[in-house]
Amino acid sequence: MHAIVPPYLLARLAAAPAERFPHAVAAARATLAVPRAYAPMRAHLDLSVDGDALVVSAAPDPDRLISDAENREELPGTPARAEGAAPSGDAAVDEAYDGLGATFTFLWDAFERVGLDGRSGSLAATVHYGRAYDNAFWDGERMVFGDGDGEVFAGFTRSLSVIAHELGHGVIESANGLDYSGQSGALNESIADVFGALADQHHKGQTADAATWLIGAEIFTDAVTGSALRSLAAPGTAYDDDVLGKDPQPSHMRDFVETSGDNGGVHINSGIPNKAFHLVATALGGYAWERAGRIWYLTLVSGTLSTAATFAQFAAATAETAVSEYGEDSEEAVAVRTAWASVGVVEDAASR
Amino acid sequence: MPHPVDPLTITVVRTGGFAGLRRAWRVELAGTDADAWMPLLDACPWEEPAASAPGADRFSWEVAAIHGAHDRRAVVGDASGPWRALIDRVQADGAAVRPADLSGNADA
């Protein structure tokens with residue numbers, strides 16, 4: 001317990017006759033009523049010497065738990081690898097463990113965010129979900145990975161962009177959330193793809209111009225004609241396969257897809273804000289998480305974004321973030337306004 | 001009331017998922033085969049709005065059962081219970097259909 005006045009002393013005071021110490025008794029009762037939340041967090045200290053100075057820096061650590069659903073569909077499954085445990089030898093378990101760690105490091109390094117909710121390093125994933133289950137999803141509390149069908153999908157845990165995309169949904173939910181349908185749902189999907197791409201680039205130390213900007217490049221089998229599931233650089237070009245069909249993503253509002261499936265096409269129309277992000281990142285250059293990613297992240301956690309935000313509302317919010325962080329006529333604010341105009345979300349950037 | 005010789009056609013369209021792919025399965029049944037599927041169909045809550053499970057990147061399902069003039073459709077957010085039983089059976093007994101080949105679908 002981390003406190004100066006121990007609870008038993010407060011309790012004695014709270015039970016004392018009120019006439020004797022009226023204020024103290026009332027204060028003790030009020031103090032005891034306040035929840036004394038103690039939320040321990042794993043962290044590590046790095047010690048180094050710089051000239052005559054001892055440099056101490058602290059960074060949070062993740063607290064990972066990978067579970068095995070053993071090809072059933074009950075969650076969470078059997079614990080398979082906890083934080084700090086040695087590799088299990090199960091490729092899906094170990095890939096998920098590494099991917100969760102890399103995403104945690106990215107969130108801290110890029111945005112000083114501790115894990116998904118900003119407070120706890122707790123990260124949970126379940127692998128081997130279902131039988132030949134060709135999907136990975138976020139269930140509100142954890143990531144869940146199928147094994148893939150082995151024909152189209154080779155597996156999902158091998159792709160850091162997939163893992164970071166799913167964890168990105170957790171960050172979005174913690175921030176305020178974006179309703180998972182229509183334009184707000186496509187924004188939700190797009191921001192998750194941005195997290196996916198940035199975590200991958202951060203892990204590889206890639207700048208915006210060197211990166212592939214692909215999501216899920218590693219998950220297809222060799223039988224599929226395609227480089228990845230999605231491309232932020234060129235939406236609509238990621239795959240063209242006789243079984244899968246063609247990448248349906250638009251890159252401009254004029255090609256916005258009205259559909260009833262996929263919650264109103266959240267995985268399709270995400271191509272438009274994805275392209276906007278790519279344009280900002282490549283206009284500014286350098287590591288994409290430092291400025292473009294920061295603008296997107298600050299907008300997400302600003303608390304002013306509606307859960308039903310449209311593309312236009314999000315565009316305006318990112319422009320406001322860029323202005324408040326970098327200035328009205330900054331290179332960053334210009335890049336943001338230009339990008340949204342280029343994808344047709346904003347009519348005329350110059351008049352804003 | 002469906003004419004006795006009208007075939008029963010059940011189509012399942014799956015969208016969403018992490019990959020956002022569109023896939024479909026269809027089963028066409030006649031006569032007593034169609035009768036055998038009625039309990040499966042009748043167990044499903046066609047009139048109730050689709051409940052969506054929390055999270056993201058889950059599959060979404062659209063189910064249609066057409067028997068002559070009798071047309072039942074539903075969007076299923078959480079494929080569990082009777083919906084899951086019906087969908088599993090259509091996938092097992094039916095054939096994969098290219099989504100572009102589905103009638104009445106303007107979507108690619």
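Analysis parameters
- Residues numbered from 1 in each chain as written.
- Chains lettered and ligands numbered in written order.
- Predicted model: local features only at pLDDT ≥ 70, side-chain atom pairs only at ≥ 80, totals over all residues.
- Heavy atoms only, no water.
- Helix = DSSP H or I, 4+ residues; strand = E, 2+ residues; numbered from the N terminus.
- Contact = heavy atoms within 4.5 Å.
- Areas by Shrake-Rupley, 256 points an atom, 1.4 Å probe, with all protein chains shown as cover.
- Lys, Arg positive; Asp, Glu negative; His and termini not counted.
- Charge placed at Lys NZ, Arg CZ, Asp CG, Glu CD.
- Core = buried A, V, L, I, M, F, W, Y, C linked by side-chain atoms within 4.5 Å.
- Buried < 20%, exposed > 50% of the residue type's maximum accessible area, 1.4 Å probe, protein only.
- Buried area = accessible area lost by both parts, 1.4 Å probe.
- Salt bridge = Lys/Arg side-chain N within 4 Å of Asp/Glu carboxyl O.
- Polar contact = N/O pair within 3.5 Å; in protein donor to acceptor, adjacent residues only side chain to side chain.
- Nonpolar A, V, L, I, M, F, W, Y, C, P; charged D, E, K, R; others polar.
- Expected span 1.5 Å × (residues − 1).
- Arc of directions from axis to C-beta.
- Pairing = 2+ DSSP bridges.
- Axes fitted to C-alpha atoms, helices over the stretch in contact; angles between N-to-C directions.
- Phe/Tyr/Trp six-rings, centres within 6.5 Å; stacked < 30°, edge-to-face > 60°.

## A few points about the overall build of chain A
Within chain A, the regular secondary structure consists of ten helices and eleven strands. When its C-alpha atoms are laid out on the principal axes, chain A stretches across 85 × 55 × 55 Å. Taking the intrachain contacts of chain A between residues at least 6 apart in sequence as the baseline, contacts between residues at least 24 apart amount to 53%. On chain A, roughly 16,000 Å² of surface is accessible, and the fraction owed to carbon and sulfur atoms is 52%. Of the charged side chains in chain A, 22 are positive and 49 negative, and the gap between their average positions amounts to 9 Å.

## Let's talk about the nonpolar core
Core analysis: the biggest nonpolar cluster contains 83 residues, and A:Phe106, A:Phe145, A:Phe153, A:Phe195, A:Trp213, A:Trp296 and A:Trp340 have the highest contact counts within it. The biggest single contributor to this core is helix H3 (residues 91-111) of chain A, with ten residues. When sequence neighbours within four positions are dropped, the list of residues in contact with A:Trp340 reads A:Pro273, A:Ala276, A:Trp296, A:Phe314, A:Ala315, A:Thr318, A:Val345 and A:Val346. With 28 residues, the next largest nonpolar core counts A:Tyr133, B:Trp25, B:Ala34 and B:Trp61 among its residues.

## Examining the interface of chain B and chain A
At the junction of the two partners, chain B supplies 21 residues and chain A supplies 30 residues. Counting each side, the surface lost to burial between chain B and chain A is near 1,900 Å², with a carbon and sulfur contribution of 48%. Of all residues in chain B, B:Phe18, B:Leu21 and B:Asp57 give up the largest surface area on contact with chain A, accounting jointly for 35% of the area buried on that side. Taken together, the links from chain B to chain A amount to three salt bridges. Salt-bridge contacts for B:Arg14 lead to A:Asp134; the nearest nitrogen and oxygen are separated by 3.2 Å. Across the chain B-chain A interface, the total number found is 14 residue pairs in polar contact (both at pLDDT 80 or more). Contributing elements (two or more residues each) for the side of chain B that touches chain A: strand E1 (8-16) and strand E3 (59-67) of chain B. Residue composition of the side of chain B that touches chain A, by class: six nonpolar, six polar and nine charged.

## Here's the deal with helix H1 (residues 31-42) of chain B
Residue and element names in this part refer to chain B. The terminal C-alpha atoms of H1, which comprises twelve residues, lie 17 Å apart, in line with the 16 Å expected from a rise of 1.5 Å per residue. Along H1, the residues that are buried comprise Ala34, Trp37, Leu40 and Leu41. Seen end-on, H1 carries its buried residues on one side only, within an arc spanning 100 degrees. Those residues of H1 that are exposed and aimed more than 90 degrees away from the buried face are Thr32, Ala36, Pro39 and Asp42. Here the buried face of H1 lies against E1, strand E2 (23-29), E3, strand E4 (70-76) and helix H2 (81-93).

## Observations concerning the pattern of salt bridges
This model, assessed by the stated rule, comprises 19 salt bridges over all chains. Where B:Arg84 meets A:Glu73, a salt bridge forms, and the shortest distance between an N and an O atom there is 2.9 Å. Placement of B:Arg84 in helix H2 and of A:Glu73 in the loop between strand E3 (63-68) and strand E4 (78-82) is noted, with the two residues assigned to different chains. Judged by its relative accessible area of 30%, B:Arg84 falls in the partly exposed class. Taking relative accessible area as the criterion, A:Glu73 reaches 32% and is therefore assigned partly exposed. Salt-bridge contacts for B:Asp88 lead to B:Arg84; the nearest nitrogen and oxygen are separated by 3.0 Å.

## Considerations on the sheet that holds E3(A)
Residues and elements named next belong to chain A. Taken in spatial order, the five strands make up an open sheet running E4-E3-E5-E7-E6, and their pairing is mixed. Looking at which strands have only one partner, the edges of the open sheet turn out to be E4 and strand E6 (136-138). For this sheet, the mean inter-axis angle between neighbouring strands, taken without regard to orientation, is 20 degrees. Of the strand pairs in this sheet, E3 and E4 are connected by four bridges, and their pairing is antiparallel. Among the inter-strand pairings, Ile66 is bridged to a residue of E4, identified as Arg81. H3 rests against E3, E4, strand E5 (122-127) and strand E7 (143-145) of the sheet, and its axis sits at about 155 degrees to E3. Lying over the sheet, helix H4 (residues 160-175) contacts E5, E6 and E7, oriented at roughly 15 degrees with respect to E6.

## What to know about the packing of aromatic side chains
All names here are of chain A. According to the stated counting rule, one finds 19 aromatic pairs over all chains in the structure shown. Ring centres of Tyr133 and Phe137 lie 6.2 Å apart, and the angle between their planes is 70 degrees; this geometry places the pair in the edge-to-face category. Judged by relative accessible area, which is 15%, Tyr133 ranks as buried. Relative to Phe156, the ring of Phe153 has its centre 5.3 Å away and its plane inclined at 40 degrees; by these criteria the two rings are tilted. Across the pair, Phe156 and Phe153 agree in class, each one buried.

## Considerations on the side chain of A:Arg81
All names here are of chain A. Take Arg81: it is sitting in strand E4. For Arg81, a relative accessible area of 7% gives the class buried. Reaching out from Arg81, the side chain makes a polar contact with the backbone oxygen of Ala85 at a distance of 3.1 Å. For Arg81, the side chain forms a polar contact with the side chain of Asp94, separated by 2.9 Å. Among residues more than four places away in sequence, those in contact with Arg81 are Arg64, Leu65, Ile66, Ala86, Pro87, Ser88, Val93, Asp94 and Tyr97.

## Things to note about the sheet that holds E2(B)
Across a sheet, strands are paired by hydrogen bonds formed along the backbone, either parallel or antiparallel in direction. All names here are of chain B. With antiparallel pairing, the five strands of this open sheet are ordered in space as E4-E3-E1-E2-E5. Of all strands in the sheet, those bounded by a partner on one side alone are E4 and strand E5 (95-97). On average, each strand axis in the sheet is inclined to that of its neighbour by 20 degrees, with strand direction left out of account. Judged from the seven bridges that link them, E3 and E4 form a sheet pairing that is antiparallel. Of the residues in E4, the one forming a bridge with Ala65 is Arg72. Of the strands in this sheet, E1, E2, E3 and E4 are in contact with H1, which crosses E1 at around 45 degrees.

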